[in-house]
Amino acid sequence: MPEAETLPRHFMKKGYWAAGAGKIFHNDQPDPQSWDDYYPSKKKHMPDYFRPKPPGQTVNMPPFPNMYMDFDWAPIDQPMEETGDYKSVSWVIEQLKKKHERPFFLACGIYRPHNPWYVPRKYYDMFPLETVQLPKVLLNDLNDVGERAREIAHRGGNYHKHVTEAGLWKNAVQGYLAAITYADELVGLLMAALKASPYAQNTIVIVWSDHGWQLGEKEHWRKFALWENVVRNVLMIKAPQGTSGLAGGSPAGRRCDRIVSLVDLYPTLLDLCGLPAKARLDGHSLVPLLRNPGAAWNHPALTTYDFSEFSVRVEGWRYTRYIDDSEELYNDDMDPEEWTNLAADPKFSEVKKHLAGYIPEKQAPIAETSYKLAPHHIPPFRSKEEYRAFKAKEKSGKGTKPYPQPDPWTIQLFDY
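Residues numbered from 1 in each chain as written. Predicted model: local features only at pLDDT ≥ 70, side-chain atom pairs only at ≥ 80, totals over all residues. Heavy atoms only, no water.

Caption draft 1: A look at the sheet that holds strand β12 (residues 317-321). With antiparallel pairing, four strands are arranged side by side in an open sheet as β10-β11-β12-β13. The sheet is open, and its two borders are formed by β10 (301-304) and β13 (327-331), each paired with just one other strand. Strand-to-strand, the axes of this sheet are offset by a mean angle of 10 degrees, without reference to chain direction. Of the pairings in the sheet, the one linking β12 to β13 comprises five bridges and is antiparallel in character. Bridged to R318 within β13 is Y330. Strands in contact with helix α10 (residues 349-356) are β11 (310-314), β12 and β13; relative to β12, the strand with the most contacts, it is inclined by about 70 degrees. (Pairing = 2+ DSSP bridges. Helix = DSSP H or I, 4+ residues; strand = E, 2+ residues; numbered from the N terminus. Axes fitted to C-alpha atoms, helices over the stretch in contact; angles between N-to-C directions. Contact = heavy atoms within 4.5 Å.)

Here is the structure:
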């Protein structure tokens, strides 16, 4: 996307010093022109992480064909101060101790709780295995969804089957709990450093995650799906008094239950910092909600997975349409675990029709990149026709792979 202007790059053009550390862009896909400075470097965004075994080997999860080999967990006997994420956080803390002549855009990407969950042992000790609770699940939860949704739940070799057959469900959940607690402590160190810095009263803070996770709900693990546990994420914003676009600052400790999206962060930061609005941004400034968390809001959150697969979330409802035209509709107020698919119920046809109206009709062609596929990668289909042809070949017994594997890798872009 050569014409795209990233958020830090835009702030650089507006006179800000932009710097960061850790996973802001994807691991091995840095963008040097987006930063004045970066740790470990502009061309290496990820610090080194300790691995109990060499890459490609697991500690606890028995491998299976095409498994993502970082789907693993283990306590490590290494102090937090020697971990990669701590080094990223420490570098950002050092920037907060310096005197800056220009306003700054400072980003810190904490890699955990991304797999593998190799974090210091003390975090595992906080969650003794006998106290670990499994997520809420419904037996035969996939019975009321379409074939495509079941494919997605079991994508990449059916992780849930392998975890449960190995008797490791609780162990994996323990690893996740340890990893998020490790990350929480690092966020706390950052906030404490900001509070102790000269910038405590004039710095906007946004804490966010890039997606949610599933730990066996709907027989699904990881992030590749369109259900609530995957799509919902963490988002916290604090604007201090005197902020250019919100002079009174944001109210402390207030919860906002409106449905927003991560694409809203770009226009929100421009608005808060008093910078001109930028054309061709899909998001909406969240300043009205920061001013009044109960304000009216009429913008759905739209999430996409594969070609022509979208999930629309508004207050109370989620509607999803897949590449095979199967549908799901959930009342998330009454059914927060999304156990009952209401899409076939005629009583909700108007709700479904309304939410379907938010799905874009026109989609841009796939943009080819030089990024190479790993064995666990599953690229998108190029069209519904390609998907139907693949399914026909699969059902005839002629299909040899679960998904097409084009090379180079392709990424789906959408033209709204």
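Caption draft 2: Region of the structure containing the nonpolar core. Counting residues in hydrophobic clusters, the biggest one holds 42 residues, and the most contacted among them are F71, W73, W117 and W221. Listed by contribution, the elements that provide at least two residues to this core are β1 (17-22), α2 (84-97), β5 (117-120), α3 (121-125), α5 (155-165) and α6 (169-195). Residue contributions to this core peak at eleven residues, all from α6. With near-sequence residues (within four places) excluded, W117 lies in contact with D72, W73, A74, Y124, A172, G175, Y176, A179, W213 and L215. F11, M12, Y16 and A107 belong to the second-largest nonpolar core, a separate cluster that totals 14 residues. (Core = buried A, V, L, I, M, F, W, Y, C linked by side-chain atoms within 4.5 Å. Buried < 20%, exposed > 50% of the residue type's maximum accessible area, 1.4 Å probe, protein only.)

Caption draft 3: Quick look at α10. Every buried residue of α10 is accounted for by K352, L355 and A356. For α10, the angular spread of buried residues about the axis comes to 100 degrees, placing them on one side. Summarising the geometry of α10, the exposed residues directed more than 90 degrees from the buried face are E350 and K353. The elements touched by buried residues of α10 are β11, β12 and β13. (Arc of directions from axis to C-beta.)

Caption draft 4: Just the sheet that holds β1, in detail. Read across the sheet, three strands follow the order β2-β1-β4 without closing on themselves; strand pairing throughout is parallel. At either end of the open sheet lies a strand with only one pairing partner, and these are β2 (37-39) and β4 (104-109). Going from strand to strand, the sheet's axes swing by 10 degrees on average, the running direction of each strand aside. The pairing of β1 with β2 spans three bridges and is classified as parallel. Residue pairing in the sheet places G20 in a bridge with Y38 of β2. Packed on one face of the sheet, α2 meets β1, β2 and β4 and runs near 165 degrees to β4.

Caption draft 5: Inspection of the packing of aromatic side chains at higher detail. Within this structure, the stated rule accounts for 19 aromatic pairs. For the pair F25 and W35, a centre-to-centre distance of 6.1 Å together with 75 degrees between the ring planes defines the contact as edge-to-face. Taken together, the residues span a long stretch of sequence, with F25 in the loop between β1 and β2 and W35 in the loop between β1 and β2 at a distance of ten residues. On the basis of an interplanar angle of 55 degrees and a centroid distance of 5.6 Å, the ring pair of W317 and F348 is categorised as tilted. Here the residue W317 occupies a position in strand β12, and F348 occupies one in the loop between β13 and α10, the gap between them amounting to 31 residues. Here W317 falls in the buried class, since its relative accessible area comes to 17%. Ring pairs connect the aromatic residues F11, Y16, F25, W35, Y38 and F105, which therefore count as one cluster. Between R155 and the ring centre of F224, over which it is positioned, the NZ or CZ distance is 4.1 Å. Above the plane of the ring of W227 lies K218, whose end atom (NZ or CZ) is 5.6 Å from the centre. (Phe/Tyr/Trp six-rings, centres within 6.5 Å; stacked < 30°, edge-to-face > 60°. Lys NZ or Arg CZ within 6 Å of the ring centre and 35° of its normal.)

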